Amino acid sequence: MTLAVEVIDVHKVFNAGHSQRVEALAAVDVMVGEGEFVSLIGPSGCGKSTLLRLVADLLEPTAGRIAVNGKTPRQARLDQDYGMAFQQAGLFDWRTVAKNIELPLELKGWDKAKRRDRALEMLELVKLPDRADAMPWQLSGGQQQRIAIARALASHPSLLLMDEPFGALDEMTREHMQAELLRICAATKTTVIFVTHSIPEAVYLSDRVVVMSAGPGRITSIVSVGLDRSRDEGTREAKQFYDKITEVREALRGNPVGAGRDDR
Amino acid sequence: MVFGVVFLGAWEVFVRWQHVRPFVLAPPSKVWAAGANNLEGIVDAMKVSGGNALLGLLFGTVLGCLVALFTAAVRWIGEIVNPLAIAVNAIPIVVLVAIFTRMYEADSETPRRIMTTLTAFFVVFINVSRGLRENSATHNELMQSYAATTRQKFLKLRLPNASSFLFTGIRVAAPLTVITAIVAEYFGGNRNGLGASISGFFSISKKDVGLAYVAGASVLGLLFFLLAAVLEYVSVPWQRRRVSK
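Values in this document were obtained by computation on a predicted structure and should not be read as measured data.

About the cut-offs
Residues numbered from 1 in each chain as written. Chains lettered and ligands numbered in written order. Predicted model: local features only at pLDDT ≥ 70, side-chain atom pairs only at ≥ 80, totals over all residues. Heavy atoms only, no water. Helix = DSSP H or I, 4+ residues; strand = E, 2+ residues; numbered from the N terminus. Buried < 20%, exposed > 50% of the residue type's maximum accessible area, 1.4 Å probe, protein only. Axes fitted to C-alpha atoms, helices over the stretch in contact; angles between N-to-C directions. Parallel < 35°, antiparallel > 145°, perpendicular 65-115°, else oblique. Left-handed = near helix turned anticlockwise from the far one by under 90°. Contact = heavy atoms within 4.5 Å. Nonpolar A, V, L, I, M, F, W, Y, C, P; charged D, E, K, R; others polar. Domains from an automatic or database assignment. Buried area = accessible area lost by both parts, 1.4 Å probe. Salt bridge = Lys/Arg side-chain N within 4 Å of Asp/Glu carboxyl O. Polar contact = N/O pair within 3.5 Å; in protein donor to acceptor, adjacent residues only side chain to side chain. Phe/Tyr/Trp six-rings, centres within 6.5 Å; stacked < 30°, edge-to-face > 60°. Lys NZ or Arg CZ within 6 Å of the ring centre and 35° of its normal. Core = buried A, V, L, I, M, F, W, Y, C linked by side-chain atoms within 4.5 Å. Pairing = 2+ DSSP bridges.

Asker: Before we move on, can you summarise unusual backbone geometry with the specific residues and values?
Answerer: All names here are of chain A. Each neighbour pair has its own omega, and for G215 with P216 the value is -15°, a cis peptide bond. Secondary-structure assignment places P216 in the loop between β8 (208–213) and β9 (218–224). Phi angles above zero are rare outside glycine, and D57 is one such case at about 65°. Within the secondary structure layout, D57 lies in the loop between α1 (48–55) and β4 (63–68). The exposure class of D57 is buried, given its relative accessible area of 5%. With a phi angle near 45°, E164 is a residue other than glycine that sits in the positive phi range. Mapping E164 onto the fold places it in the loop between β6 (159–163) and α6 (171–188).

Asker: Tell me about the packing of helix α3 (residues 97–107) of chain A against helix α4 (residues 112–125) of chain A, residues and numbers included.
Answerer: Residues and elements named next belong to chain A. Interaxial distance between α3 and α4 falls to 9 Å at its minimum, and their mutual angle equals 120°. By the angle class used here, α3 and α4 are oblique. At the point where α3 passes α4, the crossing takes the right-handed sense. Taken together, the residues of α4 that come into contact with α3 (itself represented by V97, A98, K99, I101, E102, L105 and E106) are K112, R115, R116, R118, A119, M122 and L123. When the residues that make up the contact of α3 with α4 are grouped by side-chain class, the tally is seven nonpolar, no polar and seven charged.

Asker: Before we move on, can you summarise the domain arrangement of chain A with the specific residues and values?
Answerer: Residue and element names in this part refer to chain A. Assigned domains within chain A: domain 1 (1–81 + 160–264) and domain 2 (89–156). Of the roughly 1200 Å² buried where domain 1 meets domain 2, counting both sides, 66% is carbon and sulfur surface. The three residues of domain 1 that bury the most area against domain 2 are Q80, M177 and I184, which together make up 39% of that side's buried surface. Counting across the domain 1 and domain 2 interface gives one salt bridge. The salt bridge partner of E180 is K127, with a shortest N-O separation of 3.8 Å. Connecting domain 1 to domain 2 are four residue pairs in polar contact (both at pLDDT 80 or more). Going through the elements one at a time, β6 and α6 are the ones with two or more residues in the side of domain 1 that touches domain 2. Ranked by residues supplied to the side of domain 1 that touches domain 2, first place goes to α6 with eight residues. Of the residues that constitute the side of domain 1 that touches domain 2, the class distribution is nine nonpolar, five polar and two charged.

Asker: Account for the packing of aromatic side chains, naming residues and giving values.
Answerer: Each aromatic ring pair is characterised by the separation of its centres together with the angle its planes make. One pass over the structure, following the stated rule, counts 11 aromatic pairs over all chains. With a centroid separation of 5.9 Å and an interplanar angle of 55°, the aromatic rings of A:F166 and A:F194 are classed as tilted. Here A:F166, found in the loop between β6 and α6, pairs with A:F194, found in strand β7 (residues 191–196); they are 28 residues apart in sequence, far enough to count as distant. We note that A:F166, like A:F194, is buried. Relative to B:Y213, the ring of B:F201 lies with its centre 5.3 Å away and its plane at 20°, an arrangement referred to as stacked. Taken together, the residues B:F201 in helix α9 (residues 194–203) and B:Y213 in helix α10 (residues 207–235) connect sequence positions 12 residues apart. There is no split in this pair, since B:F201 and B:Y213 are both buried. Grouping aromatic residues by their ring pairs yields a cluster made of A:F37, A:F166 and A:F194. For the cation-ring pair, A:K114 lies above A:W110, with the distance from its terminal atom to the ring centre recorded as 4.7 Å.

Asker: Talk me through the pattern of salt bridges; I want residue IDs and the actual numbers.
Answerer: Residue and element names in this part refer to chain A. By the definition in use, this model includes 23 salt bridges over all chains. Of the charged contacts, one joins D57 and R74 as a salt bridge, the two residues approaching to 3.2 Å between their closest N and O atoms. Linking D57 in the loop between α1 and β4 with R74 in helix α2 (residues 73–78), this pair joins segments that are 17 residues apart in sequence. The shortest N-O distance in the salt bridge between E102 and R115 comes to 3.2 Å. Of this pair, E102 sits in helix α3 while R115 sits in helix α4; the two residues are 13 residues apart in sequence, bridging distant segments of the chain. Considered together, E102 and R115 belong to a single accessibility category, that of buried residues. What emerges from the salt-bridge pattern is a single network uniting D57, E60, R74 and R77.

Asker: Any chance you could break down the interface of chain B and chain A for me, citing the residues and the numbers?
Answerer: On the side of chain A, 24 residues touch chain B, which itself brings 19 residues to the contact. For the chain B and chain A pair, buried surface summed over both sides reaches about 2100 Å², with 62% attributable to carbon and sulfur atoms. The interface formed by chain B and chain A includes two salt bridges. In this assembly, chain B and chain A are joined by nine residue pairs in polar contact (both at pLDDT 80 or more). Contributing elements (two or more residues each) for the side of chain B that touches chain A: α7 (137–145), α8 (150–184) and α11 (238–244) of chain B. With seven residues, α7(B) is the single largest residue contributor to the side of chain B that touches chain A.

Asker: How would you summarise the nonpolar core if you had to cite specific residues and measurements?
Answerer: Within the largest apolar cluster, 50 residues are counted, with the highest numbers of intra-cluster contacts made by A:I101 and A:L181. Residues from two domains meet in this core; each of domain 1 (1–81 + 160–264) and domain 2 (89–156) of chain A gives at least three. Formed by 46 residues, the second largest nonpolar core is a distinct cluster that contains B:W11, B:A53, B:L132 and B:F154.

Asker: How would you explain the sheet that holds β4(A) if you had to name every residue and give the values?
Answerer: Adjacent strands of a sheet form backbone hydrogen bonds with each other and so pair up, either parallel or antiparallel. All names here are of chain A. The strand order across the open sheet built from three strands is β2-β1-β4, with neighbouring strands paired in antiparallel fashion. Of all strands in the sheet, those with a lone pairing partner are β2 (22–33) and β4, marking the two edges. With direction set aside, neighbouring strand axes in the sheet form an average angle of 15°. Bridge analysis of strand β1 (residues 3–14) against β2 gives eight bridges, and the strand direction is antiparallel. Bridging from a neighbouring strand, V5 pairs with V32 of β2.

What follows is the structure, given as C-alpha cells:
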C-alpha cells in the first residue's frame, strides 16, 4: 500500500519561550495508506485537531517531518491535494449552494462552465441535486454539512481532512451522515483523516482508530477495526462493533488491550 | 401598542384633572388638533429635516465605505485611522455644528448636512471596518487551505462579509441622522426644519403645536429606520435567520 500521509516524529509547541508555552504534540508518528479511513480520537487538548492542521499546512510543526502524497504539506496545499471540512459547515452566506461548491475551483482559475458541471456532479454525489440554486441559510444543518463535504471534494482531492464535521448535528442526522460519508468515500476512493470525540463514530467509520492522550499530545495506541467495508445499519448492532468500541474506550482510559502501538 | 394607548390616556386624564395650564403641558387631544391645523407646516418641516438627514445618510455611507476600504487595504493607514475614528466618534459631534454654522451664511443648510454626513460616516465606517476584519475562523482556514491569495481573500471573503455589516450600519445610522438633523437646527440658521420649529413654538408657549412637531419628528425617525430595516432585510437575507436565532 502506498502512503497518502506520513507523519514522522512530529513535535508541536505553541508559544515557545513564553510563560504560556504549550506542548501540543510530542513525538507523533502516523502513517496513512492510500484509500484508508483513519480517525483521531482523544480527550480535549490531546492535539488531534492540531495534528490535522499540521497535515493541512495550516500550522507548521516545531520539529519532525510530514509528507502528503510524497510532497511537503505546503506543496500539497498549493496543489489542492486535500479538501477540508470543519465542525461548522462554514458555507458562504452570500453564495448559492453551487457557487459555494465552486469556490475552491474558482480560486484555481477554472472556467465557468467546467466549475458548474463539477458542482452539479458533486451535488449528485451528496444527493442534493435540486438544491444548486438554494442559499445556504435555506438548508438544514445536515444539508449544509453535506454541501461542505461536496465543496471539500470538488477538486477531486485524494485526501479528505475532517475536523469533527458531524459534531454539531443531532444523533439521527449524524448516523445518516456517517453512512453517507462511507458511501461517498467508497465511490471516490478518497483517503480520510477524521477527528472526532465520539467512539462509536470513530469505530463505525474507520479502518484504524488512532487513540491520543493529552499533556503533551501523544499517540497511546492504534486500534485496527477490521469491520467489513460494506458496513450498514446492521453493523451498528454487530458484536465486533461493540468489541471494538470497548477496545477503543479502554485505550482511551489508558489500559490498552490488543493491538498497541502500530508500527506499520 | 397597548402601552401607547394607556400612556396617552393617562396623560389626557392627568392634564384635565389637574387643570395643567396649556402653556406648561398640552393634552394629547389638543396636540392632535394642533397637528391637524398645522399639517402642511409640519410636512414641510419634515421635508427639510428629512432631506438634510437623507443627504447626510447617503454621503456618509459612501464616504464611510470608501474610507473603510482604504484603511483595510493599506494596513499602516488603518492602524493610525481606526483608533482615531473611535476616539473622535466618542465626542458628541453634534456640538461641532456650532462651529460649522459660523463658517457658512446664516441661511445655508450646508452645516447641517455636514453634521448628518459625519454622523452616518462614523457609524458606517466603524461597522464596515469590522466586517472587513472579522471573519469566522472556519472561513479563514478554508481560504488558507485553498491557498487563496491576499487579493482573493479580500474579494471573495472580506468584502462580501462586510456587506452585512454595512446594512447593519445603515440601519443604526438612519435614525441617528434624523436626530442630528433636528438637533443641529437648535444651533441657529434657517427656521424651516423640525428642530427650529419645535424650539420656536416651545419658546412662544405654543406647547400643543410644538408637540405636534415633535410627533412629526418621531414619525420621520421611524420612517428612516423602517426604510433602512427593509433595505437590510432585502439585501442581506441571511442576516434575518441569524438575528431571529
